[in-house]
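Secondary and tertiary structure notes
Each chain, written out:
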Amino acid sequence: MAVKDRDRFSTATRLRLLGEQTAARVYRSQTKRQARRSRLTGRAALLALVLCTLIVALAYPMRQYVSQRADIADLEREKAAASRRVEQLRDLKARWQDDAYAEQQIRERLHYVMPGETGFIVIDPDAVKKARAALGAADRPWYSNVWDGVDKSDASDQ
């Protein structure tokens with residue numbers, strides 16, 4: 001027992017016990033501190049700030065780039081349509097250079113006939129009836145049309 005008591009009160013034993021107690025206290029305080037500390041460190045916050053700044057700084061140029069690419073695509077479509085129209089007009093010009101095509105168009109559009117031919121114009125009877133119905137006011141004297149206009153305007157006021 002004397003050896004046990006001597007170990008119990010020796011300086012080395014007391015220092016060891018004291019060190020263990022101190023280590024336990026430090027460990028407990030560090031675990032409490034780590035539990036309270038957020039996971040966001042200063043470096044992570046700075047990195048997030050830099051990334052947000054880059055995103056905001058690049059948003060407008062990217063929007064402009066996309067907008068300009070859309071404008072370029074629209075202009076290319078217009079250019080293709082214009083070149084197709086130019087080709088159509090060149091074909092039409094080449095056709096008009098041909099005398100047979102020009103003669104055909106003159107006969108159809110202007111109702112010309114060659115010397116010695118007899119020209120006929122066929123009139124649709126339904127078209128004549130529609131034209132007469134539309135020209136009903138033209139068959140009457142002008143003063144009755146004026147008087148009818150005055151009556152119609154007077155009736156609309158009432």
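Since this is a predicted model, take the numbers as computed values, not measurements.

What counts, and at which threshold
- Residues numbered from 1 in each chain as written.
- Predicted model: local features only at pLDDT ≥ 70, side-chain atom pairs only at ≥ 80, totals over all residues.
- Heavy atoms only, no water.
- Helix = DSSP H or I, 4+ residues; strand = E, 2+ residues; numbered from the N terminus.
- Buried < 20%, exposed > 50% of the residue type's maximum accessible area, 1.4 Å probe, protein only.
- Contact = heavy atoms within 4.5 Å.
- Axes fitted to C-alpha atoms, helices over the stretch in contact; angles between N-to-C directions.
- Parallel < 35°, antiparallel > 145°, perpendicular 65-115°, else oblique.
- Nonpolar A, V, L, I, M, F, W, Y, C, P; charged D, E, K, R; others polar.
- Phe/Tyr/Trp six-rings, centres within 6.5 Å; stacked < 30°, edge-to-face > 60°.
- Salt bridge = Lys/Arg side-chain N within 4 Å of Asp/Glu carboxyl O.
- pLDDT = per-residue confidence, 0-100.
- Expected span 1.5 Å × (residues − 1).
- Arc of directions from axis to C-beta.

With respect to the overall build of the protein
When helices and strands are tallied, the protein shows six helices and zero strands. Ordering the α and β elements of the protein from the N terminus gives α-α-α-α-α-α. The buried share of the protein, taken over its 158 residues, is 3%.

Brief notes about the side chain of Q105
For Q105, the location among the structural elements is in helix α4 (residues 99-110). With a relative accessible area of 9%, Q105 lands in the buried category. Setting aside its immediate chain neighbours within four residues, Q105 contacts W96 and L110.

Regarding the packing of helix α3 (residues 42-97) against α4
Put simply, α3 and α4 touch, their axes get as near as 5 Å, and they point 90° apart. The pairing of α3 with α4 is recorded here as roughly perpendicular in orientation. Contacts between α3 and α4 pair L92, R95, W96 and Q97 from the former with D99, Y101, A102, Q105 and R109 from the latter. Across the contact of α3 with α4, the residue classes break down as four nonpolar, two polar and three charged.

Description of the packing of aromatic side chains
The geometry of an aromatic ring pair is captured by two quantities: the separation of the ring centres and the angle between the planes. Applying the stated criterion across every chain yields a total of two aromatic pairs. On the numbers, 6.0 Å between centres and 80° between planes, the contact of W142 with Y143 is edge-to-face. Like Y143, W142 is exposed.

What to know about the pattern of salt bridges
Taken as a whole and judged by the stated rule, the model has four salt bridges. For the salt bridge of R107 with E103, the shortest nitrogen-to-oxygen distance reads 3.5 Å. In this pair, R107 and E103 are both assigned in helix α4, four residues apart and thus about one turn of the helix distant. We classify E103 as partly exposed; its relative accessible area is 38%. Between R107 and E117 there is a salt bridge, with its nearest N and O atoms 2.9 Å apart.

Digging into the confidence of the model for the protein
Of all residues in the protein, 80% attain a pLDDT of 70 or more, and the chain-wide mean is 82. Considering each helix and strand of the protein separately, the mean pLDDT is smallest for helix α1 (residues 2-8), with a value of 55, and largest for α3, with 95.

Considering α4
Taking 1.5 Å as the rise per residue, α4 with 12 residues should run 16 Å; its terminal C-alpha atoms sit 16 Å apart, in good agreement. Listed as buried for α4 are Y101, A102 and Q105. End-on view of α4: buried residues confined to an arc of 95°, all on one side of the axis. Those residues of α4 that are buried are in contact with α3. Taken from the residues just after α4, H111 is the one with a positive phi, measuring 60°.

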